[in-house]
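Commentary on secondary and tertiary structure
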Amino acid sequence: MAVGDDGGPLNGDGRAESERDARSAVPGGGRSRRPPFEGAAFDRSPFDEHGRDRLRADVEQLRAEVDRHRDRFRRKSDEINQRSGRNLGFAIALGVALGVALIASLLFVKQLFIIFGVAMVALLVIELANAMRASGRDVPRVPSAAVAVVVVPVAYYFGPAGQWIALLAGIVIVTAWRLVEASFANPRPRRSEVWRDFLAGAFIQIYVTFLASFTVMLVAQERGEFWVLGIIIIVIAIDTGAYVVGLNFGKHKLAPRISPGKTWEGLAGAFLTAVIVSIPVSIFLLQQPWWLALVIAPILVVTATAGDLTESMFKRDLGIKDMSTWLPGHGGFFDRLDSILPSGAIAFALYFWTADWGGPLLILGS
């Protein structure tokens, strides 16, 4: 093998490799790193420019697609909100948050549900009292809410006897409070107006406090918390089924003079949804045979619909759209719990009807 003057091997053109290495060395002792491809044939700048243009075009196309779908979603959301009369997305989120709080209070510590129930009933009473006062019915708010705060825990710890005694005593207190107010008012209201206020105050206690206390008494029973949870799930399913079916297929008005939005198609959707949901609820939560769903579903459809229509009748009589604005997207607490109030009382009767030792007639003393 040929060698150069420095003892290194010669390459094909007679130059020593060490000489070539010296010329290609860079300051600092490193070796130059030439790109693997050089020359005009491998000039990458035109390719890079073309790639950037194509990438830019793809990004613009993707952005246009996103904007188009976003605008379509907004238009659809606005259409749904306009038809439903509320911000449906926010209403659902708020409803889920309240539902989580309710479930947590039911399943972990029953006493927490008492606190939750007291707060809800007091707010319901204040809402309805405010609405009645705005329409000219002077219902005392402080004693009305105080009675609700007392009746709920009394019903939980002392049952129906305590419920009735506390309720009647509360009605007397609210009536006496209004009588004292009217006696010192200047000018004094007419006697007919005072009697109207008496009836309004008593009605609030009977319709709100009395009905709500049945749900609290049901929680106090063995596995009663699962009954309450199951009934609430079914009632929510009823409202959802009626809303979805009525919104998409509703044509025939159910009660146009009371609630123009209610339709017979929505009622059918409520019944179908109630049956579907009641079957797993009866088996897994209530631990009852599946056919109990065929009893519970139609009863709760009637009570939930009646509660909804009753509240609509209140609002029409009072000349308001919502009981309050405390729950954005929902109106007020009464607007969300109107179906549950009468359903809770029926659930209390159904609980004892399914018991081995008697039924609802035994509760009434027969």
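Residues numbered from 1 in each chain as written. Predicted model: local features only at pLDDT ≥ 70, side-chain atom pairs only at ≥ 80, totals over all residues. Heavy atoms only, no water.

Before going further, it helps to spend a moment on the UniProt feature "transmembrane region" (unreviewed entry) in the protein. Per the UniProt record, "transmembrane region" (unreviewed entry) is found at residues 88-107, 113-130, 142-158, 198-220, 226-245, 266-284 and 290-309. Helix and strand shares over residues 226-245 are 100% and 0% respectively, and the end C-alpha atoms of the span are 28 Å apart. (UniProt positions renumbered as here; feature names shortened; annotations may be inferred. Helix = DSSP H or I, 4+ residues; strand = E, 2+ residues; numbered from the N terminus.)

By size, the foremost hydrophobic cluster in this structure holds 65 residues, and its most contacted members are Val208, Ile238 and Phe334. Per-element accounting of this core gives the leading share, 13 residues, to helix H6 (residues 191-219). Residue assignment places this core across two domains, with domain 1 (96-220) and domain 2 (223-365) each supplying three or more. If we skip the residues at most four places from it in the chain, Phe334 touches Leu124, Glu127, Leu128, Tyr207, Val208, Glu311, Phe314, Met323 and Leu341. (Core = buried A, V, L, I, M, F, W, Y, C linked by side-chain atoms within 4.5 Å. Buried < 20%, exposed > 50% of the residue type's maximum accessible area, 1.4 Å probe, protein only. Domains from an automatic or database assignment. Contact = heavy atoms within 4.5 Å.)

Our focus in this paragraph is the pairing of strand S2 (residues 259-263). Bridge analysis of strand S1 (residues 253-255) against S2 gives 2 bridges, and the strand direction is antiparallel. Of the residues in S2, the one forming a bridge with Ala255 is Ser259. (Pairing = 2+ DSSP bridges.)

A word on the packing of aromatic side chains. Aromatic rings considered in pairs are described by the distance between their centres and by the relative angle of their planes. Under the defined criterion, the tally for this structure stands at 14 aromatic pairs. Centroid distance Phe214 to Phe348: 5.5 Å. Interplanar angle 55 degrees. Geometry classified as tilted. With Phe214 in helix H6 and Phe348 in helix H11 (residues 340-353), this residue pair connects regions lying 134 residues apart in the sequence. As far as burial versus exposure is concerned, Phe214 and Phe348 are alike and both buried. Geometrically, the ring pair formed by Phe348 and Phe352 is edge-to-face, given 5.0 Å between the ring centres and 70 degrees between the ring planes. Remark: Phe352 and Phe348 occur in helix H11; sequence separation between them is 4 residues, near one turn of the helix. Accessibility classification places Phe348 together with Phe352 in one group, the buried group. One aromatic cluster is present, built from ring pairs that chain together Trp164, Phe210, Phe214, Trp227, Phe348, Tyr351 and Phe352. (Phe/Tyr/Trp six-rings, centres within 6.5 Å; stacked < 30°, edge-to-face > 60°.)

Quick look at helix H5 (residues 141-184) now. For H5, spanning 44 residues, the distance from its first C-alpha to its last is only 17 Å, which falls clearly below the expected 64 Å at 1.5 Å a residue. Taking the largest bend as the criterion, H5 deviates by roughly 145 degrees, centred on Gly159, and proline Pro160 comes between one and four positions later. (Expected span 1.5 Å × (residues − 1). Bend = angle between axes of the 7 residues up to and from the residue.)

Attention now goes to empty space enclosed by the protein. In total, this model carries 1 cavity of 30 Å³ or more according to the counting rule given. Considered as a void within the structure, the largest cavity measures approximately 50 Å³ in volume. At the level of elements, H6, helix H7 (224-249) and H11 are the ones that each hand at least two residues to the lining of the largest cavity. Partitioned by chemical class, the residues of the lining of the largest cavity number 6 nonpolar, 3 polar and no charged. (1 Å grid on protein atoms, 1.4 Å probe; cavity = no way out; pocket = protein on both sides within 12 Å on 5 of 7 lines; lining within 4 Å. Points joined across faces, edges and corners; volume = space filled by probe spheres on them. Nonpolar A, V, L, I, M, F, W, Y, C, P; charged D, E, K, R; others polar.)

A separate point is the packing of H5 against H6. The geometry of H5 relative to H6 is characterised by a closest axis approach of 9 Å and an angle of 165 degrees between their N-to-C directions. By the angle between their directions, the pair H5 and H6 is classed as roughly antiparallel. Judged by the sense of rotation from one axis to the other, the crossing of H5 with H6 is right-handed. For the contact of H5 with H6, the class distribution of residues is 22 nonpolar, 8 polar and 2 charged. (Axes fitted to C-alpha atoms, helices over the stretch in contact; angles between N-to-C directions. Parallel < 35°, antiparallel > 145°, perpendicular 65-115°, else oblique. Left-handed = near helix turned anticlockwise from the far one by under 90°.)

On to the packing of helix H8 (residues 264-285) against helix H9 (residues 293-318). Packing of H8 against H9 brings their axes to within 8 Å, and their N-to-C directions diverge by 135 degrees. Classified by the angle between their axes, H8 and H9 sit oblique to one another. The two elements H8 and H9 meet at a crossing, and its hand is right-handed. Where H8 approaches H9, its residues Leu267, Ala270, Phe271, Ala274, Val275, Ser278, Ile279 and Ser282 are matched on the opposing element by Ala293, Leu294, Ile296, Ala297, Pro298, Val301 and Thr305.

On to the pattern of salt bridges, then. Taken as a whole, this structure holds 11 salt bridges when the rule is applied. Residues Arg178 and Asp197 are paired through a salt bridge, measuring 3.0 Å at the closest nitrogen-oxygen approach. With Arg178 in helix H5 and Asp197 in helix H6, this pair connects stretches of sequence that are 19 residues apart. For Arg178, a relative accessible area of 7% gives the class buried. With a shortest N-O distance of 3.1 Å, Glu193 and Arg190 are connected by a salt bridge. Taken together, the salt bridges that share partners define one network made up of Arg133, Asp138, Arg178, Glu181 and Asp197. (Salt bridge = Lys/Arg side-chain N within 4 Å of Asp/Glu carboxyl O.)

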